[in-house]
Every structure is written in C-alpha cells, then in structure tokens.
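Residues per chain, in single letters:
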Amino acid sequence: MNINYGKHYIDDIDREAAVKVLKSGWLTQGPNVNKFELDLKKYFKSKYCVVVSNGTAALHLAIKVLNLKVGTKVLTTPITFISTASSIIMNHLTPEFADIDKDTFTLDPNYVEYKLKKDKKIKVIVGVDYAGHPCDWESFNFLKKKYNLFLINDNCHAMGSEIKRNKGYAVKYADIVTQSFHPVKNFTTCEGGSILTNNKSFYKSFLQLRSHGINKSKKNLKKYGPWFYEVKEIGYNYRLTDLQSVIGTSQLKKLDKFVAKRERIADFYSRIFGKCEFIDVLKIRKNIKHSFHLYPLLINFKRKNISKNLFFNKMKEKGINLQVHYIPLHFQPFLRNNFSHIKNAKFPVAEDFYNREVSLPIYFSLKNEEQKYVAKNIINFFK
Ligand SMILES: Cc1ncc(COP(=O)(O)O)c(C=O)c1O
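Worth saying up front: this structure is predicted, and the values here are computed from it rather than measured.

K.L.:
Hey, could you go over the pairing of strand β8 (residues 176–180) for me, with residue numbers and the actual values?
P.N.:
Most of β8 sits inside the fold, with five of its five residues counted as buried. In this structure, β8 lies alongside strand β9 (residues 193–197), joined through five bridges in antiparallel fashion. Counted as the bridge partner of T178 is I195 from β9.

So this is what it looks like as structure tokens:
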C-alpha cells in the first residue's frame, strides 16, 4: 500500500481534451482560457473571473489591486499555507494574525474584532475557508461595514463548498476570491488559479497585471495600428495556458462528483473516529456544505503519551503518508524575524490545533479498502 493524503484524478476525457489543444496550435492564450473563465463564473456565480498561473499569483494580485499604503496591515489566520502571508509581504504590506475558531478551524470573528478595535492599521481581512469549511462570512461582512474593510476569500480549499445552499457564497461576501487548482485541490489544472470578483475596476486591473501590465485598448489599436500597446504599470507573467484551461473546463464538470466522494470518505472517518474519546472529529456549522479538501483529525497525543512524530513514522511504515496542515505561520522564522509583533505572538487555539492535527487521506480515487486500512492502522496503533 502507498496512500498519500491527497491525489489528483485525471480521466480519459481530460486527456483527450488536452491532446486536442496540443494539436490545435494554441499553446498559451487561446480560446480555452476564455471558455474556462466563463465556466468558473457560471459555477461560482461571479460577474468577472481572471484565471492565473497559480493560487499564490491570485493572492498577490488580489491584494495588489487594493492599492494600500506601505505598512497597512492585512489580517489573516495562522492556520494556512505560507502564500496567504507571503502575498501580503510581496505587496509591501504587514501581515497580522488572529486566532482560529476551535470547531471550524477558520478565523474567529470575535478575535478578529478584538484585533480591529486595537489596531486601526488593519484594512483587509483574508479569510481562508480551511479544509473546505467556509469562514463565518456573515460576521466578517458585518465587520467589513463597521470598520470599513476589504474582504478577500482565500478559497483554495473550498471549491464546491456552500453557505445556505449557495455555491456562489464566496463572491457574495468577499470583494475578491482567490482559488488554486494545484493537483491536491478539489479539481486541478496541473498548476493554476483564478480570481473572482464582482468589481469591474478590479477585474480590469487583474487582466492587465496578469500579462505584464500590457494595455491594448480598441481605441488605440484603431488610432496607432494593430501592434500598439501601452504599459502604464509593471505587471507579471501570471497567465494560465490554453492547455491548462481546457483541463480546467473538463475537471470542473466533475467537481460535484469529486466533492460527493470526499463527503462519503469524511463521513466514514467521522463515524469511525467519532467513537474514540482521545480523538476529536471535525464539526460542521449549520447551513454549511463542507467540500473536504482536507480531513483534519485532532488526536490528543499528550493524553496518549505518544509523540506525533512516532505516529507519523509508524503510519509511513504501513504505507500511509499523512500530513499536517499547517504549522502556524507565526512559528515561521521569516515572519518571526522580520515582524516584531509576530515574534512573541501567541494564538492558543491555533497552537493546540497544530499539536493535535493530522490530515487523513481524502481524494476521489481513494478506495473503500484503503479507507478501512487507514482507519484500522490508526486505531490499532493507539491500542
Ligand atoms: C490556503 C492556500 N492558499 C494559497 C495556496 C497557494 O496556491 P498555489 O499552490 O496554487 O500557489 C494554497 C496552496 O497550497 C493554499 O492551500
């Protein structure tokens, strides 16, 4: 057995679509880029969508278009991947953290408000819909109005999640939504990402920044000639290719099926591990559909007097490659060494979560026998 915590699923339909593009002559920006953007807009109910090369690029641009003064603070969760914070720093802004909710593992709105009251430099909240559980976006929306903030949803884990049966919840609440289509995510374009928004001016900036800051206006093409373009700000090469886009369109059609399978696996784990008194299984709030990018299990290693390291190594010997999502960002040396307010920061809920969290294997092609094998080995280990 060799079972990883996550894995992509590519079928013949995806492969055939990719081969068709390879034969078409379009390798970079062809018709499939627009098509994929249309599909994403429809699925996630946004007015605008710009696909980009990865989720980190999406976050970089999402924060950039807010045009904030150097030193402005952007508040996010410590329980996330490094790019949620590095994209803040890439924009010459300052990351700030708040603790997480003990049940949903997403930013705790009460802690967020406590921070907002103390620190007027915070102008943005980047919420991460961790593992696929949406943040409390209604509370963040209330705080947005009260404190005049921007909201960004780092939605990389939660494609297919819903609030009140709405798959378009992310763009309903946040000014900008970012997604990642990395192979371990709920669907993939190999590498890839997207930015969703209902704001036309942000949309125009995203289009320009994705491709070197190049602006080709119809008016100027007519006036000066078909070669003409202008660069008024420096942009990036953050484009997604036609090949990746066609895979995205094909994969997106399977997203509901992928999420349904993830739900069944999660249900199996919750039933099995829900019976162990030293383990906490995840809780899902009312009106939420979880899309289970991850299945975080909280094991009380202290109570069992067993190190997490030993547990991981023993599972590895059995061919079960678990993961931890995430080492809290305020533990990372770069952040501690460069930001004095982070150096001694403590977020007890996030830290306790880190001590106990283990991400179990969850992905579309995970077989029933493999799920049982994982569960059996974990239970036997603690016996
Ligand atoms: C929460 C979160 N944000 C951002 C990213 C960055 O996405 P990418 O790997 O596509 O750059 C990831 C990817 O792992 C993620 O999990």
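K.L.:
Account for the sheet that holds strand β4 (residues 94–97), with residues named and values stated.
P.N.:
A sheet is described by the order of its strands in space; here seven strands give the open sequence β2-β9-β8-β6-β5-β3-β4, paired in mixed fashion. Either end of the sheet is taken by a strand with one partner, and the two such strands are β2 (48–52) and β4. The average angle at which neighbouring strand axes cross in this sheet is 20 degrees, direction not considered. Taken together, the four bridges between strand β3 (residues 73–76) and β4 define a ladder with parallel strand orientation. Note that in β4 the partner of V74 across the bridge is P95. Contacting β2, β5 (122–128), β6 (150–154), β8 and β9, helix α3 (residues 55–64) runs over the sheet at an angle of about 165 degrees to β8.

K.L.:
Give me the lowdown on the sheet that holds strand β14 (residues 295–299), citing residues and values where you can.
P.N.:
Here three strands make up an open sheet; going across it, the order is β12-β14-β16 and the pairing antiparallel. A single partner strand is all that each edge strand has here, and the edge strands are β12 (279–280) and β16 (357–360). Across two bridges, β12 lies against β14 in antiparallel orientation. Each bridged residue has a counterpart across the sheet, and for D280 the counterpart in β14 is L298. Strands in contact with helix α11 (residues 255–273) are β12, β14 and β16; relative to β14, the strand with the most contacts, it is inclined by about 10 degrees.

K.L.:
Kindly report on unusual backbone geometry, identifying the contributing residues and their values.
P.N.:
In this chain, H325 is followed by Y326 through a cis amide linkage whose omega measures 10 degrees. When you line up the elements, Y326 lands in the loop between β15 (320–321) and α14 (333–338). For H92, which is not a glycine, the phi torsion comes out positive at approximately 60 degrees. Along the chain, the position of H92 falls in the loop between α4 (82–90) and β4. Accessibility expressed as a relative area gives 57% for H92, which makes it exposed. The backbone phi angle of N305 is positive, close to 55 degrees, even though this residue is not glycine. Relative accessible area serves as the criterion here: at 71%, N305 is assigned to the exposed category.

K.L.:
Give a detailed account of the site of the ligand, specifying residues and quantitative values.
P.N.:
Surveying the vicinity of the ligand reveals 16 residues, the closest of which are G55, T56, D154, S180 and K185. With respect to the ligand, the side chain of H157 contributes an N or O atom lying 3.0 Å from an oxygen atom. The side chain of Y326 places a nitrogen or oxygen atom 3.2 Å from an oxygen atom of the ligand. Across the complex, the protein chains shield 92% of the 390 Å² of accessible surface that the ligand would expose by itself. Looking at the shell around the ligand, the element that brings in the most residues is α3, giving three residues. Here the residues of the shell around the ligand are counted per class, giving five nonpolar, nine polar and two charged.

K.L.:
Outline the pairing of β3, listing residues and values.
P.N.:
With burial as the criterion, each face of β3 is covered, one bearing K73 and L75 and the other bearing V74 and T76. A crossover connection joins β3 to the parallel β4 through α4; in handedness this β-α-β unit is right-handed.

K.L.:
Let's hear about the packing of helix α1 (residues 12–24) against helix α10 (residues 242–252): which residues, and what values?
P.N.:
Where α1 contacts α10, the axes come no closer than 9 Å and their chain directions differ by 150 degrees. The angle between α1 and α10 places the two elements in the roughly antiparallel class. As for the relative orientation of α1 and α10, their crossing is right-handed in sense. Taking contact as the criterion, the partners of I13, D14, A17, A18, V21 and L22 in α1 are, on α10, D242, L243, V246, I247, S250 and Q251. For the contact of α1 with α10, the class distribution of residues is eight nonpolar, two polar and two charged.

K.L.:
Give a description of the side chain of S180 that names residues and reports values.
P.N.:
Along the chain, S180 turns up in strand β8. Reaching out from S180, the side chain makes a polar contact with the backbone nitrogen of H182 at a distance of 3.2 Å.

K.L.:
An account of the nonpolar core is needed here, citing residue identities and associated values.
P.N.:
Within the largest apolar cluster, 49 residues are counted, with the highest numbers of intra-cluster contacts made by Y269, F273, Y295, I299, F311 and L360. At the level of elements, α11, β14, α13 (308–317), α16 (348–356), β16 and α17 (368–382) are the ones that each hand at least two residues to this core. Here the element with the most residues in this core is α11; it accounts for five residues. Setting aside chain neighbours within four positions, we find L360 in contact with Y5, Y269, F273, Y295, L297, L322 and I378.

About the cut-offs
- Residues numbered from 1 in each chain as written.
- Predicted model: local features only at pLDDT ≥ 70, side-chain atom pairs only at ≥ 80, totals over all residues.
- Heavy atoms only, no water.
- Buried < 20%, exposed > 50% of the residue type's maximum accessible area, 1.4 Å probe, protein only.
- Helix = DSSP H or I, 4+ residues; strand = E, 2+ residues; numbered from the N terminus.
- Pairing = 2+ DSSP bridges.
- Axes fitted to C-alpha atoms, helices over the stretch in contact; angles between N-to-C directions.
- Contact = heavy atoms within 4.5 Å.
- Near = heavy atom within 4 Å.
- Polar contact = N/O pair within 3.5 Å; in protein donor to acceptor, adjacent residues only side chain to side chain.
- Areas by Shrake-Rupley, 256 points an atom, 1.4 Å probe, with all protein chains shown as cover.
- Nonpolar A, V, L, I, M, F, W, Y, C, P; charged D, E, K, R; others polar.
- Right-handed = clockwise from strand over helix to strand, strands pointing away.
- Parallel < 35°, antiparallel > 145°, perpendicular 65-115°, else oblique.
- Left-handed = near helix turned anticlockwise from the far one by under 90°.
- Core = buried A, V, L, I, M, F, W, Y, C linked by side-chain atoms within 4.5 Å.

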